[in-house]
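Analysis of the macromolecular model
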Amino acid sequence: MCDDKTKGDKSILIMNHTLAHILAYSLQKLFPSIKLYIGPATEEGFYYDFKVPNISVSVDDFDDIKKEMIKIIDLDLKISRSETSFVDSIKGLDDEKGEYKKVILNEIVGKDAVVSSYKMGDFVDICEGPHLSSTGSASKHFYIDTISGAYIRGDSKRDMLQRISVISLGNEKKLKVFLKNRELARQADHRLLNKELDLFVLEPNIIGPGLAMLTENGTVIKSELEFLATEKERRFNLLRVFTPHIAKEKLFLKSGHLPYYKEDMYPPFKIDDEDIYLKAMNCPLHHYIFSRHNRSYREMPIRYTEFSTVYRYEASGSLSGLMRVRAITQNDIHIYSREDQVVEEFRKIIQLHKEYYNLLGIKSEDFFLELSLPDDNKDKFIEDDSEWKKTAEFIREAVKLENIEFKEVQGEAAFYGPKADFQVKSAIGTVYAISTSQVDFAGTKRFDLTFVNDKGENEKVYVIHAAPLGSYERTIGFLTEHFVGAFPLWLAPIQVVVMAVSDKFQSYLNNVFAMVSVEFVNNATRGIRCNIDKSDERLAKKIRNSTRQKVPYIVVVGENEEKSNTVSVRTRGSNKSVSMPLEKFVQMIKSKIESRDINL
RNA sequence: GCUGCUGUAGCUCAGUCGGUAGAGCACUUCCUUGGUAAGGAAGAGGUCGCUAGUUCGAAUCUAGUCAGUAGCACCA
């Protein structure tokens, strides 16, 4: 997913890098006081970061910028390279306009390097290169896409610059296809689909930003996922527990989450002179359940799970529909394990993921696995080299045993241990962790989590944190986008809509409705979810309404059906209807629901 | 949180130069009893996100604020 083939195409990267310079040159012509920062090529094109003092460049300027760029391309300016020493390069920069270029030289290039510059016309930019030999060979088929903010060196404590992002794929055809595909992807945005599907409600002004409510439709999906998880729990020997949503400050101080994560928790309220926090995580509470009595090596591992909501004061700018919310409901698993069991337990968690993903039709190209390790930032990660190494190796081993490809990233670990995140892309391209599994070697120390080993000694517990179904909010958002609203039968909020050709056939319609919506044995709450459409509309209109809600089966009855005790069934995705005996239809649906068949 | 953009009916949107609002869909009622993606008519529905300010007068101009959004930063 992340290593696509276009990435290896060097010539496009070179051209886009040259186009970035052309963009910068154009901007400099239009805004002479501009301070340029950096302009790399990306997978889809390139961008340039800059700041114009007292002026904010806007989308209204895009036309002018494009014209300037085309002009520079048409002039076919020669591009030449020159080299200078670090000191001369610094000296050569204007104090004002070169402010951010100096950042590059001082912080990225370094004193000992020879600094290369590329020149086109009267525009010179410090750059490693390589570049095209002249501007004329750059493609004019680029699309100035967005203007937004970006921090210097990605550091939120520094100045924010403006970033113009351009899509450039080398030719017109690729550009058109890209833009068209992106438009299609945007139609899969769960926020957009929600207008038809009516799964959730956000009332940021009244209830609060990031506090999502599920409607009766969304709640069906949540419940189905919960049934599924409950079934799996039994198979994987997970034990269900239950904990409160609030706790004293002491708990989170002990766990180490405070003061580390104070900013990310809702501010506390005072009761009897003590600060009470809304929980932002379940682990410390589960730890107390685990450690309520002494544990023998014989009973390990102990696997707890809880369906619970945690509250995180997520940054306002990061909130997005159901994908990033502030009240997060997870199926949160904590496995208390002996050292020699960690790999096997972690492996089981990966297997659990596989089972879920198979069932949901999520293929390996839909996600990627990221192994997150610490970097040398001592404020973010607990210091203990040997434990970090050991636990990272546990995860690598488990993941390798399950034959899943992964990539490793530094600096993304949890403060208490390395983690393996399943990452997915949303419809608009934002990457989200859909589930996370972590090995914790530190929390265990703080809570003195131990068991008595076969030598009668206290031995350290390793905790695996996992939420293989992610949060309901994000998972429902992701699944909505994944299926573009056309949920598999077992997840569909409404599985069948029955309607009659005219209300002459009311009684047969009622009969069919009663037969279809009958609940069945193995799980009473998993009967067939059937709606009856009694609206005074023409048949075509009723079909249209249900079709837009992506209802899997639309059942129509009239004179013919009544006579023969059949139904006319229109399956989602088809515009033809098939006649079949009522009994047969109900049986078919029943078995597909019970087996969680992905196909209709 | 930062930068930009946006905020008019449940939804999608229109509203000229400042003169207290309009359409389509949805909703309600009536007509229509109609065989597979929009039948017709009428009606109801809005302190123009909120708060100040400018003005005789603000949906429209200004400031602040709340929220959404695109990125960036964050993401236990």
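Quick summary incoming for the structure in this document. All values derive from a computational prediction rather than experimental measurement.

1. Observations concerning the packing of helix 7 (residues 216–235) against helix 11 (residues 342–359)
Contact geometry of helix 7 with helix 11 gives a least axis separation of 12 Å together with a crossing angle of 145°. Crossing geometry of helix 7 relative to helix 11 is assigned as right-handed. The segment helix 7 lies against helix 11, with Leu 228, Ala 229, Lys 232 and Arg 235 engaging Leu 352, Glu 355, Tyr 356 and Leu 359. Each residue belonging to the contact of helix 7 with helix 11 can be placed in one class, and the counts come to five nonpolar, no polar and three charged.

2. Some remarks on the protein's contact with RNA strand B
Taken together, 53 residues form the shell around RNA strand B, and within it Asp 264, Met 281, Ser 316, Asp 503 and Ser 568 come nearest. Those atoms of RNA strand B that come within 4 Å of the protein belong to sugar or phosphate at a rate of 46%. One of the side-chain nitrogen or oxygen atoms of Arg 191 is found 2.9 Å away from a phosphate oxygen of RNA strand B. Backbone polar atom of Val 501 to a base nitrogen of RNA strand B: 2.6 Å apart, as the coordinates give it. Elements supplying a minimum of two residues to the surface near RNA strand B: strand 6 (142–151), strand 7 (160–168), helix 6 (190–197), helix 16 (539–548), helix 17 (559–564) and strand 26 (566–571).

3. Let's talk about the layout of surface pockets
Approximately 1,500 Å³ is the volume found for the second largest pocket. Lining the second largest pocket are 47 residues, with Arg 312, Glu 314, Lys 419, Thr 436 and Gln 438 sitting closest to its centre. Sorting the residues of the lining of the second largest pocket by element identifies strand 15 (327–337), strand 16 (367–373), strand 18 (419–425), strand 19 (431–440) and strand 22 (462–466) as the ones contributing at least two each. Here the residues of the lining of the second largest pocket are counted per class, giving 22 nonpolar, 13 polar and 12 charged.

4. Things to note about helix 11
Relative to the 26 Å expected for 18 residues at 1.5 Å per residue, helix 11 spans 26 Å between its end C-alpha atoms, a close match to the ideal helical length. Of all the positions in helix 11, only Val 342, Val 343, Glu 345, Phe 346, Ile 349, Ile 350, Leu 352, His 353, Tyr 356 and Tyr 357 are classed as buried. Taken from the residues just after helix 11, Gly 361 is the one with a positive phi, measuring 70°.

5. What about the nonpolar core?
Judged by nonpolar contacts, the single largest core of 62 residues is most densely connected at Leu 225, Phe 346, Leu 479, Phe 487 and Leu 491. Sorting elements by how many residues they give to this core places helix 11 first, with eight residues. Setting aside its immediate chain neighbours within four residues, Leu 491 contacts Val 220, Ile 221, Glu 224, Leu 225, Leu 360, Leu 479, Phe 483 and Arg 529. Judged by nonpolar contacts, the second largest core, of 33 residues, contains Met 15, Ile 73, Phe 142 and Val 166.

6. Observations regarding the pairing of strand 22
Of all five residues making up strand 22, five are buried, and the element is well covered by its neighbours. Covered by surrounding structure in strand 22 are Tyr 462, Ile 464 and Ala 466 together with Val 463 and His 465, the residues of both alternating faces. Note that strand 15 and strand 22 share five bridges and pair antiparallel. Paired with His 334 across the bridge in strand 22 is His 465. Pairing analysis gives four bridges linking strand 19 to strand 22, with the strands arranged antiparallel. In the sheet register, Asp 440 faces strand 22, and the bridge partner there is Val 463.

What counts and what doesn't
- Residues numbered from 1 in each chain as written.
- Chains lettered and ligands numbered in written order.
- Predicted model: local features only at pLDDT ≥ 70, side-chain atom pairs only at ≥ 80, totals over all residues.
- Heavy atoms only, no water.
- Axes fitted to C-alpha atoms, helices over the stretch in contact; angles between N-to-C directions.
- Helix = DSSP H or I, 4+ residues; strand = E, 2+ residues; numbered from the N terminus.
- Left-handed = near helix turned anticlockwise from the far one by under 90°.
- Contact = heavy atoms within 4.5 Å.
- Nonpolar A, V, L, I, M, F, W, Y, C, P; charged D, E, K, R; others polar.
- Near = heavy atom within 4 Å.
- Polar contact = N/O pair within 3.5 Å; in protein donor to acceptor, adjacent residues only side chain to side chain.
- 1 Å grid on protein atoms, 1.4 Å probe; cavity = no way out; pocket = protein on both sides within 12 Å on 5 of 7 lines; lining within 4 Å.
- Points joined across faces, edges and corners; volume = space filled by probe spheres on them.
- Expected span 1.5 Å × (residues − 1).
- Buried < 20%, exposed > 50% of the residue type's maximum accessible area, 1.4 Å probe, protein only.
- Core = buried A, V, L, I, M, F, W, Y, C linked by side-chain atoms within 4.5 Å.
- Pairing = 2+ DSSP bridges.

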